Amino acid sequence: MLALMILHYLPEERVRDWYAEARHLLSPDGTLLVFDVMPDASTPAWRRQHSGPDMWTAWWTALAEEPSTRSLLDERTAALSGLSSAEFVAPAHWHCEAARRAGFTGSTVFHQSAGHALVVCRR
């Protein structure tokens, strides 16, 4: 099993390529889990207009206040230094189609909430 939640950092073409690479890395009966920002038409307008921090910003802020995670967050900061997000966000059905085109035999939206989704892809 392979799981990821960083695709919004990559440009569209790289995400397409990544699905093919992930398929290649998985065993023939492997499963790919992708949980990331995947807006859908039912995402409430108030979330798009909300002026406060989004749920991930709030989560990272709370995590930073936890002393036991400080060294891990320092490592993360160093690893991401100089990188910026491509902010490519596609709906879940786009990800299912990209997985299918990369050779996955099945993909489905397992869960969707607040502009995020979990897509499960079978090799």
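Definitions and limits used
Residues numbered from 1 in each chain as written. Predicted model: local features only at pLDDT ≥ 70, side-chain atom pairs only at ≥ 80, totals over all residues. Heavy atoms only, no water. pLDDT = per-residue confidence, 0-100. Helix = DSSP H or I, 4+ residues; strand = E, 2+ residues; numbered from the N terminus. Contact = heavy atoms within 4.5 Å. Salt bridge = Lys/Arg side-chain N within 4 Å of Asp/Glu carboxyl O. Buried < 20%, exposed > 50% of the residue type's maximum accessible area, 1.4 Å probe, protein only. Phe/Tyr/Trp six-rings, centres within 6.5 Å; stacked < 30°, edge-to-face > 60°. Axes fitted to C-alpha atoms, helices over the stretch in contact; angles between N-to-C directions. Parallel < 35°, antiparallel > 145°, perpendicular 65-115°, else oblique. Left-handed = near helix turned anticlockwise from the far one by under 90°. Nonpolar A, V, L, I, M, F, W, Y, C, P; charged D, E, K, R; others polar.

**Student:** Please clarify how the confidence of the model for the chain should be interpreted in this entry.
**Tutor:** It should be kept in mind that the predicted coordinates are not to be read in detail where pLDDT is low. Per-residue confidence for the chain gives a mean pLDDT of 82; residues scoring 70 or more make up 80%. Mean pLDDT across the secondary structure elements of the chain bottoms out at helix α2 (residues 45-49), with 45, and peaks at helix α5 (residues 92-101), with 95. Every residue in residues 45-51 is under pLDDT 50, and counting partners more than four places away or in other chains gives 3 contacts.

**Student:** Would you mind showing me how to read the environment of Trp60 here?
**Tutor:** Tracing the sequence through the fold places Trp60 in helix α3 (residues 55-64). Each C-alpha atom, one on Trp60 and one on Leu73, is 9.1 Å from the other, the two residues being 13 residues apart in sequence. When near neighbours in sequence (up to four residues on either side) are disregarded, Trp60 contacts Leu73 and Arg76.

**Student:** Teacher, can you tell me more about the pattern of salt bridges here?
**Tutor:** Should their charged atoms come close, side chains of opposite charge can pair. In this structure the tally under the stated criterion is 5 salt bridges. Its salt-bridge partner being Glu12, residue Arg16 comes within 2.6 Å of it at the nearest N-O pair. Taken together, the residues span about one helical turn, with Arg16 and Glu12 both in helix α1 (residues 12-25) at a distance of 4 residues. Among the ionic pairs, Glu21 bridges to Arg14, the shortest N-O distance being 3.0 Å. Here Glu21 falls in the partly exposed class, since its relative accessible area comes to 38%.

**Student:** Help me understand the packing of aromatic side chains, please; the structure alone is not making it clear to me.
**Tutor:** The final tally for this structure, using the stated rule, is 1 aromatic pair. For the ring pair Trp18 and Tyr19, a centre distance of 5.1 Å and an interplane angle of 70 degrees mean the geometry is edge-to-face. Grouping residues by exposure puts Trp18 and Tyr19 together as buried.

**Student:** Can you walk me through the packing of α1 against α5 in this structure?
**Tutor:** Packed helix pairs are characterised by how far apart their axes lie and by the angle those axes make with each other. With their axes 8 Å apart at the nearest point, α1 and α5 run at an angle of 50 degrees to one another. Classified by the angle between their axes, α1 and α5 sit oblique to one another. Between α1 and α5 the crossing geometry is right-handed. Across the interface between the two elements, Glu12, Val15, Arg16 and Tyr19 from α1 touch Trp94, His95, Ala98 and Ala99 from α5. Class assignment of the residues belonging to the contact of α1 with α5 gives a composition of 5 nonpolar, 1 polar and 2 charged.

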